[in-house]
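# Breakdown of the fold
Residues per chain, in single letters:
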Amino acid sequence: MSNPVIGTSVPDVRGKERVTGTAQYTIDLSRPNMLVGSVVRSTYPRARILSIDTSKAESLPGVKAVITHKDVAQIPFPPLLSYDLRLLAGAADRDVRFVGDEVAAIAAETEEIADMAAQLVDVQYQPVPFTLDAETTTQPGAPDVESPWFSGNVQSPYSPLVLARGDVDAGIAEADVVFTGKYQVPPQAAASLRPFSCLAEWDGDNLTVYNDSQVIYVRQGELAELLGIPTANVRVVSQYMGGGFGEDNLYRFIPLAAILARKTSAPVKMVMPQDYAFEGSPNKRHAASFTVRLGAKSDGTITAMDLQATYDKGAYLAGGSSVPYVGARAVFNGYRVPNMRYTTYAVFTDNPPAGAFRGYGGVQSNFAVQSALDDLAAQLGMDPTDVHYLNCIRPDDVLEIEGEQVDFTKVGGSAFMEAIEKGMGATGWKSRWSPSGAASSSGHLRTGLGMALLTYGFGHKPDTANVSIYVRPNGQVDVMTGTADLGGGQPTTISMIVAEELGARLEDVSVSLGDTNLPAAPFLGSFGSRTTFIAGNAAKLAAADVKQKLLAAAAGILGTTSDQLATSYSQVLVNGSGRRASFSEVVQSLPGGASIQGSGEYVHSGQTSRSGFQFGACFAEVEVDQWTGKIEVKRLVMAQDYGRVINPRAAEGQMQGAAIQGLGYGILEDYVVDVTTAQSITRDWLYYRVPTITDVPEMVTMAIENPDPRGPFGAKGGGESMIICTHSAIRNAIANAIGVRFTSLPITPQMVIEALKAGGGQ
Amino acid sequence: LRVSRRGLFKIVLGGVATTAAGITAFLLGTKQGRATLESLVPESLPLANKAITMNLNGNEVHVAVKGNRTLLKVLREDLSLTGTKPGCSNGECGSCTVLLDGRPVYSCQRLAVEVDGRQITTIEGIGSGGTLSALQQAFIDEGAFQCGYCTPGFILSATALLRSNPNPNADDVREGLSGNICRCGSYPHITKAVLSAAQGVDAE
C-alpha cells in the first residue's frame, strides 16, 4: 500500500460537527406541529392495577391522547426472548413490576401539559408483596412472577446455565490448597448525560423513528412486531448517539411514542426524565453474586476452578440469558485450568431492570475470578503475577471451550503473558511490589500495587454485515453502512479500512450510517465490541470488490490489463510506467455518468472458536489514607491486544474511557435501592457519583498487536476491554496496600475505616 | 486541593446520600419525574411573558419569556440553538454550560429573565465565520471527545478558563473543568487539548 492509513492517528471524521454543536442528537430534533409525550410510571414495586381513570388528564386543554394497556397489543410472551412485550401494565395478568414501570402514556401540545396530564391520571394500585433480594427470591414462598416462562423467579429454560470442562471434583481432590470465596457486585448505571428520547412520525402506513440507538435493525423489527406492521414499513434513524454503552434491550417509551403518533396523526417526541437513566432504563449492569472455589498445587498451578453465579435481572428480562452466559465465557477464555465449571442463575426480583452495559456479564465475573486469584496468591504466599502467568492461556494453547477445540494460534494467540510482562515493566513491579504493599508506603498513607487480567469475547452471537461502496464521477467514495456512531470512532474506522483497501485518499471517503434504509452492518447492531471486526470485514470486502471493478474500467482507458494496475491516493497507476488516471477520470469514462458500485457481505459465526477474544491486563497503583479511608488511584497501567490498531488515538481513548468507567465502578459509583420502597435513591449525578476529571489518575496505555487472521487488517474489537478488569485491579491494589480483601463494590472510605477498625489489614 | 463543585454541594447538603436524597424528595415533593428548575415553579401561577434583551453571541436578541423558563429552554426551544445540550437539568453535569458575561454557568440553573441585558455566549458563538477556535481545533486533533454530547459544555468551560488563565497547568485545567462530566471518560484527551490550545494560538 503506498498511502498507508491503518495505524495512523486520524481525527474523528465527524469531529467538526461535535465541537461546533451542529451534531444533531435525537433530542435536538423537532417538527412543525410536533406533540410531546410523557409516561405515567408506577410508584409501587409490585402491584395489581385495580383501575385507571384517564378522564381528568384527557380533559386538560392541550392533551391530545392518553393511552393505557387497552391501546397496546397484548402480545404473549415470546418463548425465545421471554420478556414481556406488553408495553403497559394493567391487564388482569400484567402487574407493575418495579417502581417506574410504565402504566399509561400521553401526547400533548407541550412538555408542561404532558407532565401535568401524567399527574392527573388516577391509577388505583393494590400493592402485593415484592422481593429485592436475589438470594431469597428463589426460595419457596417468595412472591412469584406471573409468566409461564419463569419458574420460582429463575429464568427458565436457561437457568441454571452450566459451562464445564474436565472434572472439577477430581481437580479439587488433587489440589494441595482449596480456596473458597464469596464476592458480589452492585448494579452500575450507564448514566449517560443525554436524556433518553425518540421522535416518531408517520407518513401513511410508514413509520419513521429517530432514536439514539446502537441497534437500529433490532429496533426496526421490534417496532414492526409491537405495532403490527411489516418491517419494511418501519425506518429507524440514529445519526449521533449520546453515550451508548449498551442498549440492546426493549425501551418501552419508543413504541409508545409511535402508538401515540399514530393515534394523534402528528409527530410525537418523547423525552424521558433524567431519573429514567437510573431507574426505568435497562441500561444498567446487573448486580451479581458469586461463590468461587479454587483448587491449587502449592506451586500455584490451579487444578480446578468452580464458580456459581447469580445475576439479579431485576424486573423483566432485559439482556436475556446472554448476560450471565457472556460472563461465563469471560472466565473460560482466560485460563488453561483443566477442570472448570461455571453455573449461573438468572434471577428475577422487583429491583429496577438491568440489561446491557459495556462489558456486560464479564465485568461481574471478572471481579469474582480476579479477586479470588489474588486472594489465592496471598494464601499461597505468592506474587499474584506468578499465579496468573502460570495459569493464563498461552499463545499456542489448544483448549476445549464450550465443547469446541479452540486453537489459539488461529485467533492471533493469547496475549496474556505479554500483557503481564508489559504491565510489570511499566509499574516497576519486581522492585516495588511486596506482599505488604509497595515500597513507597509510609505512615498512615499506604501505597499498594494490584493487577487483574481481562478476557472477553467480542462479536457474541451470529451476525451478518453488508456494506455498499460507490465511487462517484467526481471521485468521491461513498460508503453505505447501517452501523451506529456511538462515539467509539466507528465511521472513522470504516473510512480508514475502505481508504486503505481501495487505495483512496481518506478525505475522499465519506460514510453514511445510522439508518435502516442502508445495508445492515452489523445487523445486530454496534455492541459487544463488534463493529470494527464485523462491519470492518464487510467494508474491506466491499472495497476490494469496488477496486476490482474500478481497475477493470481503468484498464480500458489506460490501454492495459487489470493485473498491471495499482491504486494509490485515489489514482489508478500502471505498474512500471508513469501512466495514471484518477478515480474520477476512470468513473467519468463510463457511459451515462454512472458510479462504480461494489458490495461486501461478511457472515459472522457467533461460535466460540470463530468469534473474538480480547486479552489484556490492568495494573493499578493506589494510595489509601488509613486515617480518613480515602482511596486515591494514582496510576493505571494498561496493556491490551487490539490485533492491529487501526487508529491509535481512538484506541487509546477507548482504553482510557473504559478504565475511567471501571474506576467509577470500583470506588465511586454506589447504586442504592431503598429496601422499604424499592425505589432507587441514587437517581441523579449528584448522588450517583460518576468520575469527574479530578478523579482521573495518570494513565499509561500500551497496545499489543497480535494480528487476528480473521479481522480486517488483523484488527480485533476492543472498545469494552478495559472496563472488564479495572475495578478488579483497583480492588487488588487496595488489598495490597492495607491488607483488607474487600469482597464487594464500590470500596468506599467508610468501608476502609470500618474494616481497619474491625482489625482487618496489617 | 481538588474539590469539585458537586463535591462541595454534597458537603453542604450533609454528605450522606440517603439523607440528601430525602431532602431532595422533600423539596420536590415528588417521587419521580422532571426535577427541574421549571417544575419548582407551579405552572398554575399566572406568569406573564416578559420581554428581555440579551447580547447573544454578539447579536442583540429580543425574546418574550415566561418567568419560569430556564435559559437552557429558551436557547434550545425558542431560539433553536440546540448546540447547548440538556443533561441532568439539575446543575450537576455541565453539559448545558454557556458563558454569562464571560463566566461559565449552567444554563439549566438560570431563569431566562435573569439574563436580561447581559451577554451570553453559546457553542454557536465560538469560532467565527465557519473557522474553528484554536480550542475547538485542539479538541478534534487530540480526540477530546467520544460521543460528543458533553463537548459543547466542555469547550465553553475551557474557553472561559483560557481567557482567565492563558497558561494553565494540568491541575488548573482539571480544576477549571471539574464542573463538567464526560461519561465516555475522554478526560485525559480533554486535558491534552486544552493544554495544547493554550500553547498555540489564543483561544478566542
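Everything below is about the structure printed above this text.
Values in this document were obtained by computation on a predicted structure and should not be read as measured data. (Residues numbered from 1 in each chain as written. Chains lettered and ligands numbered in written order. Predicted model: local features only at pLDDT ≥ 70, side-chain atom pairs only at ≥ 80, totals over all residues. Heavy atoms only, no water.)

On the chain A side, the residues contacting the 58 residues of chain B number 70 residues. Together, the buried faces of chain B and chain A total about 5,400 Å²; carbon and sulfur atoms form 55% of this surface. Joining chain B to chain A, the criterion identifies four salt bridges. Between E669 of chain A and R183 of chain B there is a salt bridge, with its nearest N and O atoms 2.8 Å apart. Across the contact surface, chain B and chain A share 24 residue pairs in polar contact (both at pLDDT 80 or more). Those elements giving two or more residues to the side of chain B that touches chain A turn out to be α1 (5–13), α2 (17–28), α4 (71–78), α5 (134–142), α6 (151–164) and α8 (187–199) of chain B. (Contact = heavy atoms within 4.5 Å. Buried area = accessible area lost by both parts, 1.4 Å probe. Salt bridge = Lys/Arg side-chain N within 4 Å of Asp/Glu carboxyl O. Polar contact = N/O pair within 3.5 Å; in protein donor to acceptor, adjacent residues only side chain to side chain. Helix = DSSP H or I, 4+ residues; strand = E, 2+ residues; numbered from the N terminus.)

What follows deals with the sheet that holds strand β3 (residues 97–100) of chain B. Residues and elements named next belong to chain B. Strand order in the open sheet formed by five strands is β2-β1-β5-β3-β4, and the pairing between neighbours is mixed. The sheet is open, and its two borders are formed by β2 (59–65) and β4 (103–106), each paired with just one other strand. Each strand axis lies, on average, 40° off the axis of its neighbour in the sheet, ignoring direction. The sheet contact formed by β3 and β4 spans four bridges and is antiparallel. When the sheet's bridge partners are listed, T97 is paired in β4 with Y106. Across the sheet, α6 is in contact with β3, β4 and β5 (119–121); its angle to β3 comes to roughly 35°. (Pairing = 2+ DSSP bridges. Axes fitted to C-alpha atoms, helices over the stretch in contact; angles between N-to-C directions.)

Looking now at α6 of chain B. All names here are of chain B. Taking 1.5 Å of rise per residue, 14 residues should cover 20 Å, and α6 covers 20 Å from first to last C-alpha, within 8% of that figure. The buried count for α6 comes to 12 of 14 residues, which makes it a mostly enclosed element. Taken together, the buried positions of α6 are T151, P152, G153, F154, I155, L156, S157, A158, T159, A160, L161 and L162. (Expected span 1.5 Å × (residues − 1). Buried < 20%, exposed > 50% of the residue type's maximum accessible area, 1.4 Å probe, protein only.)

Residue and element names in this part refer to chain A. Counting across every chain of the model gives 23 aromatic pairs over all chains. Counting every residue linked through ring pairs, the aromatic cluster contains F196, Y251, F253 and Y276. Positioned over the ring face of Y665 is R285, at 5.4 Å from the centre of the ring. (Phe/Tyr/Trp six-rings, centres within 6.5 Å; stacked < 30°, edge-to-face > 60°. Lys NZ or Arg CZ within 6 Å of the ring centre and 35° of its normal.)

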